[in-house]
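# Overview (structure and organization)
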Amino acid sequence: MSGRTLTRMDLSEAVFREVGLSRNESATLVETVLQHMSDALVEGETVKISSFGTFSVRDKAARVGRNPKTGEEVPISPRRVLTFRPSHLMKDRVAAGNKKA
Amino acid sequence: MIRSELIQKIADDNPHLYQRDVERIVNTIFEEIIGAMADGDRVELRGFGAFSVKKRDARTGRNPRTGDAVEVEEKHVPFFKTGKLLRDRLNGIEPE
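These numbers were taken from a predicted model, which means no experiment stands behind them.

### Considering the domain arrangement of chain A
Residues and elements named next belong to chain A. In terms of domain boundaries, chain A breaks down into domain 1 (7-43) and domain 2 (44-100). For domain 1 and domain 2, the distance between their C-alpha centres works out to 23 Å. At the junction of the two partners, domain 1 supplies 5 residues and domain 2 supplies 7 residues. Here domain 1 and domain 2 share an interface that buries about 560 Å² over both sides, 68% of which is from carbon and sulfur atoms. In terms of surface lost to domain 2, no three residues of domain 1 exceed M37, A40 and L41, which account for 80% of the buried area on that side. Of the residues that constitute the side of domain 1 that touches domain 2, the class distribution is 4 nonpolar, no polar and 1 charged.

Written out as structure tokens, the structure reads:
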């Protein structure tokens, strides 16, 4: 495991290499993809990318939480959370790639 | 929204690009993320979220039908954590 962190820059570099658009336009396209996915999720839509995974929005009910330090009760308001379910392909490749030799 | 609809939206935004190039662009992005995680790397997309790999330790599991003990090997699984900006937007908090 090399433990690097990739960013938008690495994704746009990959697009640049693959498609041969300018670096600038590649970066804009990466941003556009993330923007469209985010917008759909904010609208409450599920985003299902075959062989990658599924992002879905779930409603969480209000509950009483506790400050772990003080033990004090704090109300947690209802909220929407995003969950990601990886595809089988992603799970298999991540498991295989990180397996100890 | 599914992959083909995402591709269509990007194509609509970029009428100067060929449809097949838009497909390659979108596929490259997702492929790059999976490839990074397969190498044990993390992919951090500020505002959207971060993809990382979590290690699950080896454990003794049980066959739920027979109750037999089975050794489950250590394995690595993909994990996604939502970014702050997107989490806020999901809850109606728009950026300033």
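Further notes follow.
### Details of the environment of E32 of chain B
Among the secondary structure elements, E32 of chain B is positioned in helix α2 (residues 19-38). Separated by 56 residues in sequence, E32 of chain B and D88 of chain B have C-alpha atoms that sit 27 Å apart. Leave out the neighbours within four places in its chain, and E32 of chain B touches L6, D10, L11, A14 and R17 of chain A.

### Some points on the environment of S50 of chain A
Position of S50 of chain A relative to the elements: it lies in the loop between β2 (47-49) and β3 (53-60). Measuring from C-alpha to C-alpha, the distance between S50 of chain A and R63 of chain A comes to 35 Å, with 13 residues separating the pair along the chain.

### A few points about the confidence of the model for chain A
Across chain A, the average pLDDT comes to 94, with 97% of residues at 70 or higher. β2 of chain A holds the highest mean pLDDT among the elements of chain A, 98, whereas strand β5 (residues 73-76) of chain A holds the lowest, 90.

### Considerations on the domain arrangement of chain B
Residues and elements named next belong to chain B. For chain B, the assigned domains read domain 1 (1-40) and domain 2 (42-96). If you average the C-alpha positions of domain 1 and of domain 2, the two centres end up 23 Å apart. Each partner contributes to the interface: domain 1 provides 4 residues, whereas domain 2 provides 7 residues. Interface area for domain 1 against domain 2, summed over the two sides, is near 440 Å², with a carbon-plus-sulfur share of 86%. The largest share of the area that domain 1 buries against domain 2 comes from I33, M37 and G40, three residues that together contribute 89% of it. One can count 0 salt bridges joining domain 1 with domain 2. Linking domain 1 with domain 2 are 0 residue pairs in polar contact (both at pLDDT 80 or more). Partitioning the side of domain 1 that touches domain 2 into residue classes produces 3 nonpolar, 1 polar and no charged.

Conventions we followed
- Residues numbered from 1 in each chain as written.
- Chains lettered and ligands numbered in written order.
- Predicted model: local features only at pLDDT ≥ 70, side-chain atom pairs only at ≥ 80, totals over all residues.
- Heavy atoms only, no water.
- Domains from an automatic or database assignment.
- Contact = heavy atoms within 4.5 Å.
- Buried area = accessible area lost by both parts, 1.4 Å probe.
- Nonpolar A, V, L, I, M, F, W, Y, C, P; charged D, E, K, R; others polar.
- Helix = DSSP H or I, 4+ residues; strand = E, 2+ residues; numbered from the N terminus.
- pLDDT = per-residue confidence, 0-100.
- Salt bridge = Lys/Arg side-chain N within 4 Å of Asp/Glu carboxyl O.
- Polar contact = N/O pair within 3.5 Å; in protein donor to acceptor, adjacent residues only side chain to side chain.

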